[in-house]
Amino acid sequence: LLWGRIARLYLGDRTHAASLLLFCTLLGLAAGSFLAGPLAKRVEARGEKTLLMACAFILAFGGLLNLAAVRLIHGALAAAVTASQTGWKPLVFFAATALPAAVIGLVFPLLMRGRRDISSAPARSVGLIYAANALGSGLGCIAGGLLFPTSVGTLYGFLVMALLAAALSAAV
């Protein structure tokens, strides 16, 4: 939702901005999920605690990438607006949002790989991880859409989310 605010600011039309944001996010998540296979094998060999720590670290790193991408977009797209070169704004937006989404897309397959009981109870394992993923996403939507924009602003909202993920990584 924080990205939605930025998309509407720089891309204008709400439908256009929302469509491009959804496309970038889903494509990035798909790319991250695709790339997670080789990484999952390496991390799984080190144990479940390492796997959970890696997932929390990836979320924190994704949050920091989001923050860097927001700064990049702000500078590049603000320059495009002043120069009246608006044709390449969607491309800049895509480049800046797809990479953090790809990094975050690594997490779900890693968590799936870490479930020891997946072969004996696959539906239960997938259901538990999907429920945790949906709950975390829902809480992120509430924080990113309602809490942070009004309390700390959009840019610092990204920073708070990254710090929360880093704290989770340290706790694991």
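What comes next concerns the included structure. What you are looking at is a predicted structure, and each value in this text was computed from that prediction instead of being measured.

**Remarks on the nonpolar core**
Across soluble globular proteins, nonpolar side chains have a tendency to be buried as a group.
Here is step 1: Ranked by internal contacts, the top residues of the largest apolar core, which has 16 residues, are Trp3, Ile6, Leu11, Ile73, Phe93 and Phe158.
Here is step 2: Elements that contribute at least two residues to this core include exactly α1 (2–11), α2 (14–44), α3 (48–83) and α4 (89–105).
Here is step 3: One finds Ala36, Val43, Cys55 and Ile58 within the second-largest nonpolar core, a separate group that totals 12 residues.

**Some thoughts on helix α6 (residues 122–151)**
Here is step 1: The end-to-end C-alpha distance of α6, which contains 30 residues, comes to 41 Å, matching closely the 44 Å that a straight helix rising 1.5 Å per residue would cover.
Here is step 2: The largest bend in α6 is about 35°, located at glycine 144.
Here is step 3: Among all positions of α6, only Ser125, Ile129, Gly140, Ala143, Gly144, Phe148 and Pro149 are buried.
Here is step 4: Glycine 153 occupies a position one or two residues after α6 and carries a positive phi of about 95°.

**A closer look at a nonpolar patch on the surface**
Here is step 1: There is a patch of nonpolar side chains on the surface, built from Leu22, Leu26 and Leu29 and spanning about 260 Å² of accessible area.
Here is step 2: Mapped onto the elements, leucine 22 comes out in helix α2.
Here is step 3: A relative accessible area of 51% means that leucine 22 is categorised as exposed.

Procedures and definitions
Residues numbered from 1 in each chain as written. Predicted model: local features only at pLDDT ≥ 70, side-chain atom pairs only at ≥ 80, totals over all residues. Heavy atoms only, no water. Core = buried A, V, L, I, M, F, W, Y, C linked by side-chain atoms within 4.5 Å. Buried < 20%, exposed > 50% of the residue type's maximum accessible area, 1.4 Å probe, protein only. Helix = DSSP H or I, 4+ residues; strand = E, 2+ residues; numbered from the N terminus. Expected span 1.5 Å × (residues − 1). Bend = angle between axes of the 7 residues up to and from the residue. Patch = residues over 30% accessible without salt bridge, like charges linked within 9 Å, V, L, I, M, F, W, Y side chains within 5 Å. Areas by Shrake-Rupley, 256 points an atom, 1.4 Å probe, with all protein chains shown as cover. Salt bridge = Lys/Arg side-chain N within 4 Å of Asp/Glu carboxyl O.

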